[in-house]
Amino acid sequence: MENETVKKKKQVLLYYCVEMEDVARKIASESDSILLHSINWRSFADGFPNLFINNAHDIRGQHVAFLASFSSPAVIFEQLSVIFALPRLFVASFTLVLPFFPTGTFERMEEEGDVATAFTMARIISNIPISRGGPTSLVIYDIHALQERFYFGDNVLPLFETGIPLLKRQLQSLQLLPNSEKIVIAFPDDGAWKRFHKQLVDYPTVICTKVREGDKRIVRLKEGNPAGCHVVIVDDLVQSGGTLIECQKVLAAHGASKVSAYVTHGIFPKRSWERFLHKNDDSEKAFTYFWTTDSCPHTVKAIANKAPFQVISLAGSIADALQI
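Each residue is numbered by its place in its chain's sequence as written, counting from 1. With the structure being a predicted model, the display of local features is reserved for residues of pLDDT at least 70 and the display and counting of side-chain atom pairs for 80 or more, all residues being used for whole-chain, interface and lining totals. Only heavy atoms go into the side-chain values, all of them from the structure, while hydrogens and water stay out.

- In the annotation of an unreviewed UniProt entry, the entry for the protein reads ribose-phosphate diphosphokinase, and the organism field reads Anisodus acutangulus.
- In its Sequence similarities (unreviewed entry) section, the UniProt entry covering the protein states "Belongs to the ribose-phosphate pyrophosphokinase family."
- The record held by UniProt for the protein lists under Catalytic activity (unreviewed entry) the comment "D-ribose 5-phosphate + ATP = 5-phospho-alpha-D-ribose 1-diphosphate + AMP + H(+)". UniProt positions are given in the numbering used here, feature names are shortened, and annotations may be inferred rather than shown by experiment.

**Observations concerning the overall build of the protein**
Part 1: Helix and strand definitions follow DSSP, with helices as H or I runs of at least four residues and strands as E runs of at least two, each counted in order from the N terminus. Of regular secondary structure, the protein possesses eight helices and 15 strands.
Part 2: Here the C-alpha coordinates of the protein stretch approximately 65 × 65 × 40 Å along the principal axes.
Part 3: For the protein, buried positions account for 45% of its 324 residues.
Part 4: Residues count as neighbours in contact if any of their non-hydrogen atoms are within 4.5 Å of one another. Across the protein, contacts joining residues at least 24 apart in sequence account for 66% of those joining residues at least 6 apart.
Part 5: Summed over its atoms, the accessible surface of the protein is roughly 17100 Å², and 50% of this surface lies on carbon and sulfur atoms.
Part 6: Here the positive residues are Lys and Arg and the negative ones are Asp and Glu; neither His nor the chain ends is included. For the purpose of locating charges, the reference atoms are NZ of Lys, CZ of Arg, CG of Asp and CD of Glu. When the 34 positive and 35 negative side-chain charges of the protein are each reduced to one mean point, those points stand 1 Å apart. Buried means the residue's accessible area, taken with a 1.4 Å probe over protein chains only, is under 20% of the maximum for its type, while exposed means over 50%, and partly exposed covers the values in between. All accessibility values rest on the Shrake-Rupley procedure with a 1.4 Å probe; residue burial counts only the protein chains present in the view.

**So, the UniProt feature "domain: Ribose-phosphate pyrophosphokinase N-terminal" (unreviewed entry) in the protein**
Part 1: As recorded in UniProt, the sites labelled "domain: Ribose-phosphate pyrophosphokinase N-terminal" (unreviewed entry) are residues 20–126.
Part 2: Spanning residues 20–126, this segment combines 30% helix with 21% strand, and its end C-alpha atoms are found 22 Å apart.

**A look at the sheet that holds strand S7 (residues 136–141)**
Part 1: Read from one edge of the open sheet, six strands run S2-S1-S5-S6-S7-S8, paired in parallel fashion. Since the sheet does not close on itself, it has two edges, and those belong to strand S2 (34–36) and strand S8 (156–161), each with one partner. Neighbour-to-neighbour, the strand axes of the sheet open up by a mean angle of 25°, direction not taken into account.
Part 2: The pairing of strand S1 (residues 12–16) with S2 spans three bridges and is parallel. The pairing criterion for strands is at least two bridges between them, as found by DSSP. Axis lines are fitted to C-alpha atoms, over the contacting stretch for helices. Their N-to-C directions set the angle, which ranges from 0 to 180 degrees.

**Observations concerning the packing of aromatic side chains**
Part 1: Only the six-membered ring of Trp is used, alongside the rings of Phe and Tyr, when aromatic pairs are assigned; centres must lie within 6.5 Å, and planes under 30 degrees apart are stacked while those over 60 apart are edge-to-face, with the rest tilted. Tallied over the full model, the rule gives 13 aromatic pairs.
Part 2: With centroids separated by 6.0 Å and ring planes inclined at 65°, the aromatic side chains of phenylalanine 268 and phenylalanine 276 adopt a geometry described as edge-to-face. Both residues of the pair, phenylalanine 268 and phenylalanine 276, belong to the buried class.
Part 3: Aromatic pair phenylalanine 268 and phenylalanine 309: ring centres 5.7 Å apart, planes at 80°, arrangement edge-to-face.

**Remarks on the side chain of histidine 265**
Part 1: Topologically, histidine 265 is positioned in strand S13 (residues 258–266).
Part 2: For histidine 265, a relative accessible area of 0% corresponds to the buried category.
Part 3: Polar contacts, as used here, are pairs of N or O atoms within 3.5 Å; protein pairs need one atom able to donate a hydrogen and one able to accept it. Residues neighboring in sequence count only if both atoms are side-chain atoms. One polar contact links histidine 265 to serine 295, side chain to side chain, over a distance of 2.7 Å.

**What to know about the sheet that holds strand S11 (residues 216–223)**
Part 1: If you trace the seven strands from one edge of the open sheet to the other, you get S11-S10-S9-S12-S13-S14-S15, paired in mixed fashion. Each of the sheet's edge strands pairs with one partner strand only, and the pair in question is S11 and strand S15 (309–312). Mean inter-strand twist for the sheet, computed between neighbouring axes without regard to direction, equals 25°.
Part 2: In this sheet, S13 lies alongside strand S12 (residues 230–238) in parallel orientation, the contact comprising eight bridges. When the sheet's bridge partners are listed, histidine 230 is paired in S13 with lysine 258.
Part 3: Against the sheet, helix H4 (residues 164–175) engages strand S9 (183–187), S12, S13, strand S14 (290–293) and S15, with an angle of about 160° to S12.

Laid out in structure tokens, this is it:
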């Protein structure tokens, strides 16, 4: 008889916002110990939220989590209302899963008068009421700047996760294909290299950099050799996609046989994802693959079944994080 004891998984009751319902269902399918619970998301005639937490009595003494998506200012208030209410319902512990921290790119002041909204959002989240089990656990994926962990107060315990293991699985699958090229990781700037290179030490790297020429910022190859390789550009997020497109041009000019991209958060305002679509003709495809996660649900719906995009789900990783 084995002496090893299997750690029993805790049961977690998972609530979710409307736009994250698909992700929530995937999370629940990953584990029998995660049970979905719902919120009635309604509005009064004046447009303000009219909310109801279903099964409020039944969640007393239970481990509770909420899957959020702060995709626009319009939805943040109603979700915060629920997030602030759940820990006060005598739950054993409370976890907020916010895969994408939306104001993360506005984390510093460059001149007096700038408002660092990343700090504002962190202060709001830091004031979530303490539950019976203590501070709120906060799960965020690939926050834009690691120093932002210090923006949060002692009422929350930030757990910073990453989507890079999901990318590595995709790369390992590519390497099993016949006639697969050597894979090289490219970073669009020094910030991305500092952020991710230690997680990708098994691959050769290329680093690009932006240099100012007059009023323009030009992408140049700083170090590394992409010639004859399948180069995968890695960054935490994409907005307009301009930097990725310029990197692709530079890498191709230096002999890369293929160029792909991975970002954890595909924001793509104003349908900027359209810049990356494969055309139906035989013209050259700039990006062979473009991987992103389902952290931004509006993007997931927009790019579904459109090459070169492939969506990798965070569901399994979130299910594991809820057991920590």
